[in-house]
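Here is how the chains run, residue by residue.
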Amino acid sequence: MKNILLCTDGSAFAENVYKYGAWFARQFHAHINVLFVTDIRSQKVAYTGNLSGSIGLGASENLLNELVELEHKKAKLNNQRARLILQNASETLKSEGIEDFKLTNKTGFLVDCFHEFESDSDLIVLGKRGEAAEFASGHLGANVDRIVRSSSKPCLVIPLEFKLISRILVAYDGSATGKKLLQFLVNSPSFQNLEIHLLTVAKSNTVQTAMDRLNEAKQELEKAGFEPICSVIEGESEKVIGNYINQRDISLLLMGAYGHSRIRNLVIGSTTAQLLRSSDIPVLLFR
């Protein structure tokens, strides 16, 4: 992992986007790019078409001039806001011991702009809700679903509170995505100092198959120098994983972004979405 993209909007989640981004940057000695996108809609003003027929030529010209001036003022305020948000990002990253970073401001829509930087990034970091976080505590931000759905890179979705990462849970199902999770750990030797948990959720008639898959994953991690704590638990995935996180004081969850349904390429998997909504720890999603 060489490059980490932090997507910020200056919301309550922004501070921890920087802190978790800094934590990963320290583990991998990675470069950080902080991206703030000024929403182009915030610079638009009222309709400025031909109003002369309804309010008179002179009044129309005065109104249009005032609207143009207002648009310039809004653009100026947006530029000032962007500078303040990126300045805060810079200060937070430096306080976390990070010096290798870049600050970027674009105008447009985040879901469009971030693709310009995604190809050069190995990890995308974003808050699970945005500027309206305090009004949407039970929901995911629209950008989270869109970015996770469209990105080919791992996405770290962070919570409102920062918690030092010491225990990692891998929700392992033996799929191709599950093998990507294992490969990520194998390629992360610094994680050997952390407590690694492997969990497979099984139905009652698939326990033996689940145990066989989990044993293969355990052996792969042990070859790489890890000592994983492994469990197979029967039940519904979101409940089992959620309970495990709480009972074992897990501080980072690794899981696939999608399940096995035919619509997995259209929306985030139901288990993933539920865990993102309810979890108070960061979730690293792979696809």
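Scroll up for the structure.
Student: Pulling in residues and values, what's your account of the overall build of the protein chain?
Tutor: What the protein chain contains, in helices and strands, is ten helices and ten strands. Burial status across the protein chain gives 44% buried among its 287 residues. Nonlocal contacts in the protein chain, meaning residues at least 24 apart in sequence, comprise 78% of its contacts between residues at least 6 apart. Taken as a whole, the protein chain presents about 14,800 Å² of accessible surface, with 48% of it coming from carbon and sulfur.

Student: Give me the packing of aromatic side chains: which residues, what numbers.
Tutor: For the structure shown, the criterion picks out nine aromatic pairs. Between the aromatic rings of W23 and F24, the centroid separation amounts to 5.0 Å while the plane-to-plane angle is 75°, which identifies the pairing as edge-to-face. Between F24 and F191 the ring centres are 6.4 Å apart and the planes differ by 75°, which places this aromatic pair in the edge-to-face class. Of this pair, F24 sits in helix α1 (residues 14-28) while F191 sits in the loop between α7 (176-186) and β7 (195-202), placing them 167 residues apart in sequence. By relative accessible area, which is 0% here, F191 ends up buried. Members of the aromatic cluster, joined through ring pairs, are W23, F24, F28, F184, F191 and F286.

Student: So what's going on with the pattern of salt bridges? Which residues, and what values?
Tutor: For the structure shown, the criterion picks out seven salt bridges. In this structure, E96 and R26 form a salt bridge, with 3.5 Å as the shortest nitrogen-oxygen distance. Taken as a pair, E96 in the loop between α3 (57-95) and β3 (101-108) and R26 in helix α1 lie far apart in primary sequence, 70 residues in all. Here E195 makes a salt bridge to R167, at a shortest N to O gap of 3.2 Å. A residue pair is termed long-range when its members are at least 10 positions apart, and E195 in strand β7 and R167 in strand β6 (residues 167-171) qualify at 28 residues.

Student: I'd like a description of the nonpolar core, backed by residues and values.
Tutor: Among the nonpolar cores identified, the biggest contains 47 residues, and F24, F191 and L254 are the most heavily contacted of them. Element by element, the count of residues in this core is highest for α1, at nine residues. If sequence neighbours within four positions are ignored, F191 has contacts with W23, F24, Q27, F28, I168, F184, L185, I196 and F226. The next biggest cluster of nonpolar side chains, apart from the first, holds 32 residues, and it includes L199, L253, L276 and I281.

Student: An account of the packing of helix α9 (residues 237-248) against helix α10 (residues 270-278) is needed here, citing residue identities and associated values.
Tutor: Packed helices, taken two at a time, are described by their axes: the angle between them and the distance between them. Remark: α9 packs on α10, axes separated minimally by 9 Å, with the N-to-C direction vectors making an angle of 35°. Between α9 and α10 lies a crossing whose hand is right-handed. Contacts between α9 and α10 pair S237, E238, I241 and G242 from the former with T271, Q274 and L275 from the latter. When the residues that make up the contact of α9 with α10 are grouped by side-chain class, the tally is two nonpolar, four polar and one charged.

Student: Account for the pairing of strand β9 (residues 252-256), with residues named and values stated.
Tutor: Most of β9 is tucked away, with five of its five residues classed as buried. What you see with β9 is no split at all: L252, L254 and G256 on one side and L253 and M255 on the other are buried throughout. Taken together, the three bridges between β6 and β9 define a ladder with parallel strand orientation. In the strand pairing of β9, L169 is matched with L253. For β9 and strand β10 (residues 283-286), the ladder comprises four bridges, and the chain directions are parallel. From the neighbouring strand, L254 faces β10, where its bridge partner is L284.

Student: Tell me about the pairing of strand β2 (residues 31-39), and name the residues and values.
Tutor: Of all nine residues that make up β2, seven are buried, and the element is covered over most of its length. Bridge count for strand β1 (residues 3-8) against β2 is six bridges, and the pairing is parallel. Counterpart to N3 in the pairing with β2 is H31. Note that β2 and β3 share eight bridges and pair parallel.

Student: An account of unusual backbone geometry is needed here, citing residue identities and associated values.
Tutor: One non-glycine residue, H29, adopts positive backbone phi at about 55°. H29 gets classed as exposed once you look at its relative accessible area, which sits at 73%. A positive phi angle is found at D249, which is not glycine, with a value near 55°.

What counts, and where the lines are drawn
Residues numbered from 1 in each chain as written. Predicted model: local features only at pLDDT ≥ 70, side-chain atom pairs only at ≥ 80, totals over all residues. Heavy atoms only, no water. Helix = DSSP H or I, 4+ residues; strand = E, 2+ residues; numbered from the N terminus. Buried < 20%, exposed > 50% of the residue type's maximum accessible area, 1.4 Å probe, protein only. Contact = heavy atoms within 4.5 Å. Areas by Shrake-Rupley, 256 points an atom, 1.4 Å probe, with all protein chains shown as cover. Phe/Tyr/Trp six-rings, centres within 6.5 Å; stacked < 30°, edge-to-face > 60°. Salt bridge = Lys/Arg side-chain N within 4 Å of Asp/Glu carboxyl O. Core = buried A, V, L, I, M, F, W, Y, C linked by side-chain atoms within 4.5 Å. Axes fitted to C-alpha atoms, helices over the stretch in contact; angles between N-to-C directions. Left-handed = near helix turned anticlockwise from the far one by under 90°. Nonpolar A, V, L, I, M, F, W, Y, C, P; charged D, E, K, R; others polar. Pairing = 2+ DSSP bridges.

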